[in-house]
Amino acid sequence: MTSTLQISIRWRDDFLVWNTSIYPMPIAFKSHQIWVPDVLAINNVNDFKFDSKETYLLGHANNIFDFQERNKYMIMVNPNGDCRWVFPMKLMSVCELNQQNFPFDVQTCMLEFKSTAYRAEQLELRKYENGVYLKLINEGEFDLIKAFAEDDSSRQEEKIASRNNEEDDEPGSVRITLVMKRKIVFYFNKLILPYFLFYIVTIFTYILPVDAGEKKSYSTSILISVMIYLKDVSDF
C-alpha cells in the first residue's frame, strides 16, 4: 500500500528555552543540530536513507514525496522549547488483504510508528488532537471510508498483554488505522455485468430446437466471444 502523508512531530525540549525579551521569534534548526525523536514507520518497505546536503523550510522542496528527504526540512523551535517538525513522506507499507468477499470487500490496513532506540518509559508517543487529517484523492482501487489514530493510552488491553508477555522493552507507538472499501464500478462494468449477459444469452442455446442448424454455431459464437473478452479484460 502506498500512502502520501504529511507527518507532523511535536515535542518539548527543555534545553531549547530562551528569554523572549532577547529574541521573541521562533528559530529554525537543522535535524542534526538538535535532538530529534527517531520515530519511524515499522511496516515501511521503502529504502531508508537519511543523508542530505540541502535543507528546506517547511513546504519547500524539489521532491516532497521521497522518504529520504526528511532531514532536508527545518525544525521550528519556539522560545518555550516547543519543537515542530513537519515533512512529507511517500510511505510504501505492507498490508495483508482479505479477499474473501471480493470485489465487495472492505480492507483494514495499519501504519504503526515507533521509536527504534527508546523504550516506552523513555519516550512517550502520543497522538496530537484527532491524530489524522484526511484529504481524499480517489484515484486508486479503494475508497478511504474511515481513518483514526491510537496511541498507547487508548490501547490499554494490548499494553497489559505485552507486560504479561514480559515485553517491557517494547517501545511506545502510534498506530494509524485505515478502513478502505474497494471500488466496485470497474468490476461491475468489466466482470459482473458482461458475464451476466453471457449467462443470459447462453440460456437461449437450450431454447433452440435440437434440429436447428444455428444451435451449434450460436454456442460456438458465445464461446469465442467469452474467450476474446477474457483476453481483453486481462490487459487491464
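**Student:** I would appreciate a short explanation of unusual backbone geometry in the present structure.
**Tutor:** Keep in mind that most residues, glycine aside, have a negative phi and that most peptide bonds are trans. Here the amide bond leading from Phe-102 into Pro-103 is cis, since omega sits at 0 degrees, within 30 degrees of zero. Its location among the elements puts Pro-103 in the loop between strand S5 (82-92) and strand S6 (106-115).

**Student:** How do you make sense of the sheet that holds strand S7 (residues 142-151) when you look at a structure like this?
**Tutor:** The pairing of strands in a sheet happens through backbone hydrogen bonds and is either parallel or antiparallel. Ordered by their spatial adjacency, four strands build an open sheet running S3-S6-S8-S7, and the pairing between neighbours is antiparallel. The open sheet has two free edges, formed respectively by strand S3 (39-41) and S7, since each of these has just one partner strand. Mean inter-strand twist for the sheet, computed between neighbouring axes without regard to direction, equals 20 degrees. The pairing of S3 with S6 spans three bridges and is antiparallel. By the bridge assignment, Leu-40 is partnered in S6 with Lys-114.

**Student:** Looking at this model, I keep getting lost on the packing of aromatic side chains. Mind explaining?
**Tutor:** All chains considered together, the criterion is met by seven aromatic pairs. An angle of 70 degrees between the planes, with centres 6.0 Å apart, marks the rings of Trp-35 and Tyr-118 as edge-to-face. Here Tyr-118 lies in the loop between S6 and S7 and Trp-35 lies in the loop between strand S2 (27-29) and S3, a separation of 83 residues in the sequence. A residue is classified by how much of its surface remains accessible, and Trp-35, at 35% relative accessible area, is partly exposed. Of the residues examined, Tyr-118 reaches a relative accessible area of 28% and is grouped as partly exposed. Consider the rings of Trp-85 and Phe-87, whose centres lie 5.1 Å apart with planes at 55 degrees: the pair is tilted. With a relative accessible area of 0%, Trp-85 lands in the buried category. Of the aromatic side chains, those joined through ring pairs into one cluster are Trp-11, Trp-35 and Tyr-118.

Cut-offs applied
Residues numbered from 1 in each chain as written. Predicted model: local features only at pLDDT ≥ 70, side-chain atom pairs only at ≥ 80, totals over all residues. Heavy atoms only, no water. Helix = DSSP H or I, 4+ residues; strand = E, 2+ residues; numbered from the N terminus. Pairing = 2+ DSSP bridges. Axes fitted to C-alpha atoms, helices over the stretch in contact; angles between N-to-C directions. Phe/Tyr/Trp six-rings, centres within 6.5 Å; stacked < 30°, edge-to-face > 60°. Buried < 20%, exposed > 50% of the residue type's maximum accessible area, 1.4 Å probe, protein only.

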